[in-house]
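If you want the building blocks of each chain, they are given just below.
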Amino acid sequence: MAYKEFTPKDYSQLKGLIGITDEQIQAHLDLYRGYVRRCNSMLKTLQELDPTSQAWQEERRRLGWEFNGMRLHEVYFDQIVKGPGSNDSKQKIASALSPVFKSFDDWVKELKSAAVIPGIGWVASYLDKVSGQVINVWVNEHDQGHLAGLQLIFILDVFEHAYGKYLPFTERKKYVDDYFENVNWDVVANRLA
Ligand SMILES: [Fe+2]
């Protein structure tokens, strides 16, 4: 048995964003590559360690943190490549949001409110295909608070490194507003399929 290695995705086109500097994105991408590297080394180590050992148990326990650190960043970067997308996509998203949210803007407003909850983590929006509705949640760090089995349609990084340019914390709202200006809504709408 051998796991496939993960390869860091190429985000070199993420330059010249609205309100977010190239240096800020570069620092963020460096962190992302670290998650990919540690995820690969952890999967390799897990196969080498004795599964009855404490070391194996601890590595196994930490895997979700590193994996989510990698994958959530990919979702976050993917949705700001070549924004802003079409109005048709916003309409498609709005249809999926009804009747929980009155409008697309109503959904964005709730995400922005969640994005300034004190703490480090992510704001996530999911489509629950079982109940047929979209639900927004706060995810603590990378791994606490995800909703099992739901389709992730939007994610916003609110770790301090993501809005570092805007420190202190009171400026976090500016980062959130700028990030939304860069979102490619076509990418988000395609996740509803
Ligand atoms: Fe991040």
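Residues numbered from 1 in each chain as written. Predicted model: local features only at pLDDT ≥ 70, side-chain atom pairs only at ≥ 80, totals over all residues. Heavy atoms only, no water.

### Side note on the overall build of the protein
- Helix and strand counts for the protein stand at six helices and three strands.
- Taken from N to C terminus, the helices and strands of the protein fall in the order α-α-α-α-β-β-β-α-α.
- Its C-alpha atoms give the protein a radius of gyration of 18 Å, near enough to 16 Å, the size a compact globule of 193 residues would have.
- Each principal axis of the C-alpha distribution contributes one length, and for the protein these read about 55 × 40 × 30 Å.
- Split into buried and exposed, the 193 residues of the protein put 44% on the buried side.
- For the protein, long-range pairs separated by at least 24 residues make up 68% of all intrachain contacts whose partners lie at least 6 apart in sequence.
- With an accessible surface of roughly 10,200 Å², the protein has 53% of that area assigned to carbon and sulfur atoms.
- Side chains of the protein carry 23 positive and 26 negative charges; the gap between the two charge centres is 2 Å. (Helix = DSSP H or I, 4+ residues; strand = E, 2+ residues; numbered from the N terminus. Rg over C-alpha atoms; globule rule 2.2 N^0.38 Å. Buried < 20%, exposed > 50% of the residue type's maximum accessible area, 1.4 Å probe, protein only. Contact = heavy atoms within 4.5 Å. Areas by Shrake-Rupley, 256 points an atom, 1.4 Å probe, with all protein chains shown as cover. Lys, Arg positive; Asp, Glu negative; His and termini not counted. Charge placed at Lys NZ, Arg CZ, Asp CG, Glu CD.)

### Focus on the pairing of strand β1 (residues 121-128)
- Among the eight residues of β1, eight are classified as buried, and the element is accordingly described as predominantly covered.
- The antiparallel hairpin formed by β1 and strand β2 (residues 133-140) contains four residues in its connecting segment, where glycine 132 sits at a positive phi of about 70°.
- Of the strand pairs in this sheet, β1 and strand β3 (residues 151-157) are connected by six bridges, and their pairing is antiparallel. In the sheet register, leucine 127 faces β3, and the bridge partner there is glutamine 151. (Pairing = 2+ DSSP bridges.)

### Side note on the packing of helix α1 (residues 22-48) against helix α2 (residues 54-78)
- For the pair α1 and α2, the least separation of the axes is 8 Å and the interaxial angle reads 145°. Of the two elements, α1 crosses α2, and the hand of that crossing is left-handed.
- A class-by-class count of the residues in the contact of α1 with α2 yields 15 nonpolar, four polar and six charged. (Axes fitted to C-alpha atoms, helices over the stretch in contact; angles between N-to-C directions. Left-handed = near helix turned anticlockwise from the far one by under 90°. Nonpolar A, V, L, I, M, F, W, Y, C, P; charged D, E, K, R; others polar.)

### Some thoughts on the domain arrangement of the protein
- The domains assigned to the protein are domain 1 (22-78) and domain 2 (87-190).
- A straight line from the C-alpha centre of domain 1 to that of domain 2 covers 23 Å.
- Taken together, the contacts link twelve residues of domain 1 with 18 residues of domain 2.
- Taken as a group, Gln24, Leu72 and Tyr76 account for 47% of the area that domain 1 buries against domain 2, more than any other trio of residues on that side.
- Inspection of the domain 1/domain 2 interface yields zero salt bridges.
- The interface formed by domain 1 and domain 2 holds nine residue pairs in polar contact (both at pLDDT 80 or more) in total.
- Residue assignment for the side of domain 1 that touches domain 2 shows that the elements contributing at least two residues are α1 and α2. (Domains from an automatic or database assignment. Buried area = accessible area lost by both parts, 1.4 Å probe. Salt bridge = Lys/Arg side-chain N within 4 Å of Asp/Glu carboxyl O. Polar contact = N/O pair within 3.5 Å; in protein donor to acceptor, adjacent residues only side chain to side chain.)

### What about the environment of leucine 147?
- Checked against the element boundaries, leucine 147 lands in the loop between β2 and β3.
- Non-local contacts of leucine 147, meaning those with residues more than four positions away in its chain, are made with Tyr126, Ile135 and Val137.

### Describing the sheet that holds β3
- Spatially, three strands are ordered β2-β1-β3 in an open sheet, and the strand pairing comes out antiparallel. For this open sheet the edge positions go to β2 and β3, each flanked by a neighbour on one side alone. Here the average twist between neighbouring strands, direction ignored, is 20°.
- As judged from the eight bridges shared by β1 and β2, these two strands associate in the antiparallel manner. Pairing of tryptophan 122 across the sheet is with valine 139, part of β2.

### A word on the environment of aspartate 186
- Tracing the chain through its elements places aspartate 186 in helix α6 (residues 185-190).
- C-alpha of aspartate 186 to C-alpha of glutamine 144: the two residues are 42 residues apart in sequence and 28 Å apart in space.
- Excluding residues that lie within four positions of it along the chain, aspartate 186 makes contacts with Gly85, Ser86 and Ser89.
- Of note is the side chain of aspartate 186, whose polar atom sits 2.6 Å from the side chain of serine 89.

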